[in-house]
Amino acid sequence: MVNASVIDEQARIVGYHCPDRYNASRLLFDNLANGRGDYPAVVTEHGITTYAALAGEANRCGNILINRGLSRGDRVIILMDDEPACPAAIMGAMKAGLVPILVNTLSTQELLRYYVVDSGARAAVVSAGFEQILTPALISETTCDTLITSGQDDGPWIGRESLLACSAELEEAETHKDDMAFWMYSSGTTGRPKGVVHRHEDPLYTHFTYARHFLKLGPGDICYSIPKIFFAYGFGNSVTFPFAVGAAALLTTGRPEPAPIFDLIRRCRPTVLFALPTAYTALARFADTRATDLTSVRLCISAAEVLSNDIADAWLKQFDLGIVEGLGSTEVLHIYLSNDSTRRKPGSAGRAVPGYAIRLRDSDGNLVENDGEGVMEVAGLSNTRQYWNQPEKTAETIKGNGEWILTGDRFRRDEDGFYFFLGRADDLVKVSGQWVWPLEIEITLAEHPAVYECAVVAEELPDRRMTVVAYVVPLNGVTADEELSRELQAFVKQTLVPYKYPREIRYRDELPKTGTGKIDRRALRRQKSGVVGS
């Protein structure tokens, strides 16, 4: 048991309570006991799924897994797009005492096999169309011998017809709030992805902390999360938070693009919009934004990366809506730093979310008092306690008898308790004898009116010296030439200090993205052509 002095105090502050016997599927099923069975749980462009219908679907999914011989604690791969069958599969598996593992739908086949082997999964549930990705051949000679699809029965695949033949009633497994409930794999920016294990009470805690204080949802709200459910941010936005209060989630499949996003908002009328900065950038600069209808939206949330002040200002001007910026992680499950709608500072990740303790340590390992800079550690009851099968990584990241997560992120805290992201602790590089944070240059460069999107990375030269390279997508109509490069370099020098500027600027039509929508900086470092400016 964790020595819970810090996390217990944080839980007390937010009035958190959870019975010892608890199953996370109650986030869905408690809506039936509370008389909300006829309320919309999921909204799609094709119609509405009520809480009663979704609960029945979840029970059938749990039953079909049990009927296939799975028992308590067995893992189930969930490779699903955002459709009603996705939360049904997650909730049904947890109610049956199984452990769903949410994986990125853009994963390669090599990664999918790694997930199956690493987790020892007994079954996989996929969206229709993904049967060609997670194939029987891919999982041969593994523990995974049950394949379920949201499509039709076909050969080894158990589909819709078999699901409907199962009972819509399922007894809740006797699980403890500290039992393993579900996993998500980290994005794997450093080495192989890590299985981040979460317990049954972790989602409920994020509801008590972030959602209650910042979203204030209720029946009648419709949450639209552009990030998918397999992403910890999307899981809270589309599952935990709406289900905890009887609100609805607006789900859509496929790759999100500005035109269909705005059309979906116009037709389905969500009240809360969740996105990453990359999505807000694309939406704000979409050619037809001035003709779009966002009148149903009362709150816009951004997380995962730093939001450009330029984009935040453009969004406010176009839609009369501020964007509330925060920061979370898979390990903590959702947002632990946030601005709010009444008090925010541009460029900051905000202040500590009630229910989480935040501290900074300097390069010598000493705690940073008051305002200052350091590497962030986070304590909260929703923190993961382990990476699956990776004790060394667990020991590196989880400190203080299991209370604190070492994020590896460097922040500056100001006198008002707002935190400003400075980059990864291991991203500090020495260029021409001076220490430089690439992210600081990137944030500045993004404010230039000719820049649509950018990323700044450190690269090693043939002589082993380090340099700073900017990858820039110019605005439509802007000529990418040496004159623009000199202008951008001068802008950064004047805004920061003369030695903090990109030595090279490489122009691109678009920047590569990870499966969670973040800029893929590792992919950029592999690109060496198209250099303009020095």
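Below is a summary of the structure that appears in this document. Not measured: the values here are computed from a predicted model. (Residues numbered from 1 in each chain as written. Predicted model: local features only at pLDDT ≥ 70, side-chain atom pairs only at ≥ 80, totals over all residues. Heavy atoms only, no water.)

## A look at the sheet that holds strand β16 (residues 351–352)
- In spatial order, the strands read β2-β1-β11-β10-β12-β13-β14-β15-β16; together these 9 strands make up an open sheet with mixed pairing. With partners counted over all chains shown, the strands left at the sheet margins are β2 (47–50) and β16, one partner each.
- As defined by bridge partners, strand β1 (residues 40–44) adjoins β2 across 4 bridges and the pair is classed as antiparallel. Across the sheet, residue T44 finds its bridge partner in β2, namely G47.
- Docked against the sheet, helix α3 (residues 51–67) engages β1 and β2, running at close to 70° with respect to β2.
- Docked against the sheet, helix α9 (residues 258–268) engages β1, β10 (222–225), β11 (248–250) and β12 (272–275), running at close to 175° with respect to β10. (Pairing = 2+ DSSP bridges. Helix = DSSP H or I, 4+ residues; strand = E, 2+ residues; numbered from the N terminus. Contact = heavy atoms within 4.5 Å. Axes fitted to C-alpha atoms, helices over the stretch in contact; angles between N-to-C directions.)

## A few points about the pattern of salt bridges
- A complete count under the given rule lists 33 salt bridges for this structure.
- A salt bridge links K228 to D81; its shortest N-O distance comes to 2.9 Å. Here the residue K228 occupies a position in the loop between β10 and α8 (232–245), and D81 occupies one in the loop between β3 (75–79) and α4 (85–95), the gap between them amounting to 147 residues.
- The class for K228 is buried, based on a relative accessible area of 13%.
- The class of D81 is buried, set by a relative accessible area of 12%. (Salt bridge = Lys/Arg side-chain N within 4 Å of Asp/Glu carboxyl O. Buried < 20%, exposed > 50% of the residue type's maximum accessible area, 1.4 Å probe, protein only.)

## Re the side chain of H200
- Structurally, the position occupied by H200 is in the loop between β9 (195–199) and α7 (202–215).
- Here H200 falls in the buried class, since its relative accessible area comes to 1%.
- Within the structure, the side chain of H200 is placed 3.0 Å from the backbone nitrogen of A24, a separation counted as a polar contact.
- For H200, the contacting residues outside a window of four places in its chain are Y22, N23, A24, M94, T175, H176, K177, D179, M180 and A181. (Polar contact = N/O pair within 3.5 Å; in protein donor to acceptor, adjacent residues only side chain to side chain.)

## Remarks on the packing of helix α13 (residues 438–445) against helix α14 (residues 482–495)
- Two numbers describe how α13 lies on α14: the axes approach to 10 Å, and their chain directions differ by 110°. The pairing of α13 with α14 is recorded here as roughly perpendicular in orientation. The two elements α13 and α14 cross, and the hand of that crossing is right-handed. Of α14, the residues touching α13 (which contributes I441, T444 and L445) are L488, F491, V492 and T495.
- When grouped by side-chain class, the residues that make up the contact of α13 with α14 number 5 nonpolar, 2 polar and no charged. (Parallel < 35°, antiparallel > 145°, perpendicular 65-115°, else oblique. Left-handed = near helix turned anticlockwise from the far one by under 90°. Nonpolar A, V, L, I, M, F, W, Y, C, P; charged D, E, K, R; others polar.)

## As for the environment of T516
- Turning to its location among the elements, T516 is positioned in the loop between β26 (504–507) and α15 (521–525).
- What makes T516 buried here is its relative accessible area of 16%.
- Separated by 423 residues in sequence, T516 and A93 have C-alpha atoms that sit 24 Å apart.
- Leaving out residues up to four positions away in the same chain, T516 has contacts with N104, F230, F231 and L276.

## Notes on α7
- The largest bend along α7 reaches roughly 30° and is located at F208.
- Judged by how many residues are buried, α7 sits mostly within the fold: 12 of 14 residues are covered.
- Buried residues of α7: D202, P203, L204, Y205, T206, H207, F208, T209, Y210, A211, F214 and L215, and no others.
- A positive backbone phi angle near 50° is found at K216, which sits one or two residues after α7. (Bend = angle between axes of the 7 residues up to and from the residue.)

## What about the pairing of strand β15 (residues 335–338)?
- As paired strands, strand β14 (residues 323–328) and β15 are joined by 3 bridges and run antiparallel to one another. By the bridge assignment for β15, L327 is matched with L337.
- With antiparallel pairing between neighbouring strands as the criterion, β14 and β15 make up a hairpin whose turn holds 6 residues, including L333 at a positive phi of roughly 90°.
- As paired elements, β15 and β16 share 2 bridges and run antiparallel to each other. The partner of S338 across the bridge, within β16, is R351.

## Describing the state of the cysteines
- Tallying each qualifying case throughout the model produces 0 disulfides.
- Here C61 is not disulfide-linked; the sulfur of C166 is the nearest cysteine sulfur, at 9.0 Å.
- On the basis of relative accessibility, which here comes to 6%, the residue C61 falls in the buried class. (Disulfide = S-S within 2.5 Å.)

## Here's the deal with α8
- Taking 1.5 Å as the rise per residue, α8 with 14 residues should run 20 Å; its terminal C-alpha atoms sit 19 Å apart, in good agreement.
- Of all 14 residues making up α8, 13 are buried, and the element is well covered by its neighbours.
- Phi turns positive, to about 80°, at G246, one or two residues after α8. (Expected span 1.5 Å × (residues − 1).)

## Digging into the sheet that holds strand β7 (residues 157–158)
- Strand order in the open sheet formed by 7 strands is β7-β6-β5-β3-β4-β8-β9, and the pairing between neighbours is mixed. Every other strand in the sheet has two partners, leaving β7 and β9 as the edge strands with one partner each.
- Strand direction decides the pairing type here: strand β4 (residues 99–102) and strand β8 (residues 180–185), joined by 2 bridges, are parallel. In the sheet register, L102 faces β8, and the bridge partner there is M184.
- Strand contacts of α4: β3, β4, β5 (123–126) and β8, with the helix running at about 150° to β4, the strand carrying the most contacts.

## A few points about the nonpolar core
- Ranked by size, the top nonpolar core spans 89 residues in total, and within it L65 and I301 carry the most contacts.
- In terms of residue count, α4 provides more of this core than any other element does, 8 residues in total.
- Residues in contact with L65, not counting those within four places in the same chain, are L70, V76, A93, L98, A123 and I148.
- Within the second largest apolar cluster, 26 residues are counted, among which are C268, A279, A284 and F319. (Core = buried A, V, L, I, M, F, W, Y, C linked by side-chain atoms within 4.5 Å.)

## Observations regarding the packing of helix α2 (residues 26–33) against α8
- Between α2 and α8, the least distance of the axes is 8 Å, while the angle of their chain directions is 20°. In terms of orientation, α2 and α8 fall into the roughly parallel class. Handedness of the crossing formed by α2 with α8: left-handed. Mapping the contact onto sequence places L27, L28 and N31 in α2 and T240, F243, A244 and V245 in α8.
- For the contact of α2 with α8, the residue count by class is 5 nonpolar, 2 polar and no charged.

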